[in-house]
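# Coordinates in review
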Amino acid sequence: KLYIVSELKADNEQRASFNTNDVIDVYDGADLDYQASFMIPKRKKRPLKSARFCGDTLFVLYEGEIASYKLPD
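Here's what I pulled together on the structure shown here. (Residues numbered from 1 in each chain as written. Predicted model: local features only at pLDDT ≥ 70, side-chain atom pairs only at ≥ 80, totals over all residues. Heavy atoms only, no water.)

What follows is about the overall build of the protein chain. Counting its secondary structure elements, the protein chain contains 1 helix and 6 strands. Reading the secondary structure of the protein chain in the N-to-C direction produces β-α-β-β-β-β-β. On C-alpha atoms alone, the protein chain measures out to a radius of gyration of 12 Å, which is about the 11 Å that the 2.2 N^0.38 rule sets for 73 residues. Looking at the protein chain as a whole, 25% of its 73 residues are labelled buried. In the protein chain, of all internal contacts separated by at least 6 residues, the share reaching a separation of at least 24 is 19%. When the accessible area of the protein chain is evaluated, it comes to approximately 5300 Å², of which 52% is carbon and sulfur surface. (Helix = DSSP H or I, 4+ residues; strand = E, 2+ residues; numbered from the N terminus. Rg over C-alpha atoms; globule rule 2.2 N^0.38 Å. Buried < 20%, exposed > 50% of the residue type's maximum accessible area, 1.4 Å probe, protein only. Contact = heavy atoms within 4.5 Å. Areas by Shrake-Rupley, 256 points an atom, 1.4 Å probe, with all protein chains shown as cover.)

Quick look at the sheet that holds strand S4 (residues 48-54) now. The strand order S4-S5-S6 describes an open sheet built from 3 strands, whose pairing is antiparallel. Every interior strand has two partners, whereas the edge strands, S4 and strand S6 (65-70), have only one. When the angles between neighbouring strand axes are averaged without regard to direction, this sheet yields 20°. In this sheet, S6 lies alongside strand S5 (residues 57-62) in antiparallel orientation, the contact comprising 6 bridges. Each bridged residue has a counterpart across the sheet, and for Leu61 the counterpart in S6 is Ile66. (Pairing = 2+ DSSP bridges. Axes fitted to C-alpha atoms, helices over the stretch in contact; angles between N-to-C directions.)

Okay, the nonpolar core next. Note on soluble globular proteins: their nonpolar side chains tend to be buried together. Counting residues in hydrophobic clusters, the biggest one holds 10 residues: Ile24, Val26, Phe38, Ile40, Leu58, Val60, Tyr62, Ala67, Tyr69 and Leu71. Only strand S2 (21-27), strand S3 (34-41), S5 and S6 provide two or more residues apiece to this core. It is S5 that contributes the most residues to this core, 3 residues altogether. Each residue touching Val60, except ones within four places of it in the same chain, is listed here: Ile40, Leu48, Ser50, Ala51, Glu65, Ile66, Ala67 and Tyr69. (Core = buried A, V, L, I, M, F, W, Y, C linked by side-chain atoms within 4.5 Å.)

So, to be careful, I would describe these as geometric facts and stop short of saying anything about function.
Here it is, written out as structure tokens:
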């Protein structure tokens, strides 16, 4: 799977939700077909710097903070 942090608001997405969350789009790694999206909360308006996966956990580095999230199935 390929995970991409989306910088664009989807047509069906609420502006308030987009402004308070980072959207991660999921694509099939082989044929690049879109599969799904999920959101992780923005942290005190700190920009997302980097993200790494370990199994089903997403570790996110924000400016001055690290957070972890269990990935959806």
